[in-house]
Amino acid sequence: MYTISDLYDLDHTLAADYLRQFTYPWEALKGIKDLILELGPKLGDDYTEVKENVWVHKTATVFESAYLGAPCIIGPNTEVRHGAFIRGTALVGADCVVGNSVELKNVILFDHVQTPHYNYVGDSILGYYSHMGAGSITSNVKSDKKLVVVHNGTENIETGMKKFGAMLGDHVEVGCNSVCNPGTVIGRNSNVYPTSCVRGVVPENSIYKNSGEIIHKEER
């Protein structure tokens, strides 16, 4: 099973010290709100507290129609576009895109993450340079409302969590209109075909096809 160090380069997030406390990334979901409230007042003069517990870097671009719910942090050179809805508890890194009609809730976005068009990302962590194609979403609650289990082949890990979307490793590409079901974990440098319904663990350096077939990438 992939640990935090297997999935993420911690040099590319303000949450690095916080994440080092945990083995598995989903263990960090419960404390993101407290983390942001702790980090915010210490960010320095490069950030502006635009309203209570909402800190935006001075180089970030936030469209007038975007909503920033508290608490959240928007990093350097990040663009929050028209109609974006940050419900709160979002730590967004540097050089990110939070695009048109995107909704974020209880998330950590590492630097250079792109969620550019019609994405819902909830109770999830997106690694360095990960990208969600237009309309792709994380589904964070099971339809039967039972606690989420991470399935890795024959291994099943009980998380004890009702809300848990997806953990995307560094440089993961999720194709348009795909759904990452509750408890999805995608290893570094993997691609998901458009319109896929993803479940369980996808190994690093893999391609997840929309039939559910997973193949290893050929070395170039």
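Described below are features of the structure shown in this document. Within each chain, residue numbers correspond to sequence positions counted from 1 in written order. Restriction of local features to residues with pLDDT of at least 70 applies here, the model being predicted, together with a cutoff of 80 or more for giving and counting side-chain atom pairs; totals for whole chains, interfaces and linings are based on all residues. Neither water nor hydrogens contribute to the side-chain values; these are computed over all heavy atoms in the structure.

**A closer look at the layout of surface pockets**
Thought 1: Grid points spaced at 1 Å over the protein atoms alone were grouped into cavities, where a 1.4 Å probe fits but cannot get out, and pockets, open sets with protein on both sides within 12 Å along at least five of seven lines, with lining residues defined by an atom within 4 Å of a point. Grid points are joined across faces, edges and corners, and a volume is the space filled by probe spheres set on the points. Of the voids in this model, the largest pocket is the one considered here, and its volume is about 170 Å³.
Thought 2: Lining of the largest pocket is provided by Lys 142, Val 148, Val 149, His 151, Asn 181, Pro 182, Gly 183, Thr 184, Arg 199 and Gly 200.
Thought 3: Element by element, the count of residues in the lining of the largest pocket is highest for strand β14 (residues 148-152), at three residues.
Thought 4: Of the residues that constitute the lining of the largest pocket, the class distribution is three nonpolar, five polar and two charged. Under the DSSP-based scheme used, a helix requires at least four consecutive residues in state H or I and a strand at least two consecutive residues in state E, with every element numbered from the N terminus. All residues other than Ala, Val, Leu, Ile, Met, Phe, Trp, Tyr, Cys, Pro, Asp, Glu, Lys and Arg, Gly among them, are scored as polar; the first ten of these are nonpolar and the last four charged.

**Focus on the environment of Gly 69**
Thought 1: Within the secondary structure, Gly 69 is located in the loop between β4 (67-68) and β5 (72-74).
Thought 2: Buried means the residue's accessible area, taken with a 1.4 Å probe over protein chains only, is under 20% of the maximum for its type, while exposed means over 50%, and partly exposed covers the values in between. Given the relative accessible area of 1%, Gly 69 is considered buried.
Thought 3: A sequence separation of 103 residues divides Gly 69 from Val 172, and the C-alpha atoms of the two residues are 27 Å apart.

**Concerning the nonpolar core**
Thought 1: In this text, buried Ala, Val, Leu, Ile, Met, Phe, Trp, Tyr and Cys residues form a nonpolar core when linked through side-chain atoms within 4.5 Å. Leu 19 and Leu 104 are the most contacted members of the largest nonpolar core, which totals 65 residues.
Thought 2: The residues touching Leu 19, leaving out its near neighbours within four places in the chain, are Ile 4, Leu 10, Thr 13, Ala 28, Ile 108, Phe 110 and Ile 125. Contacts: residue pairs with any heavy atoms within 4.5 Å of one another.

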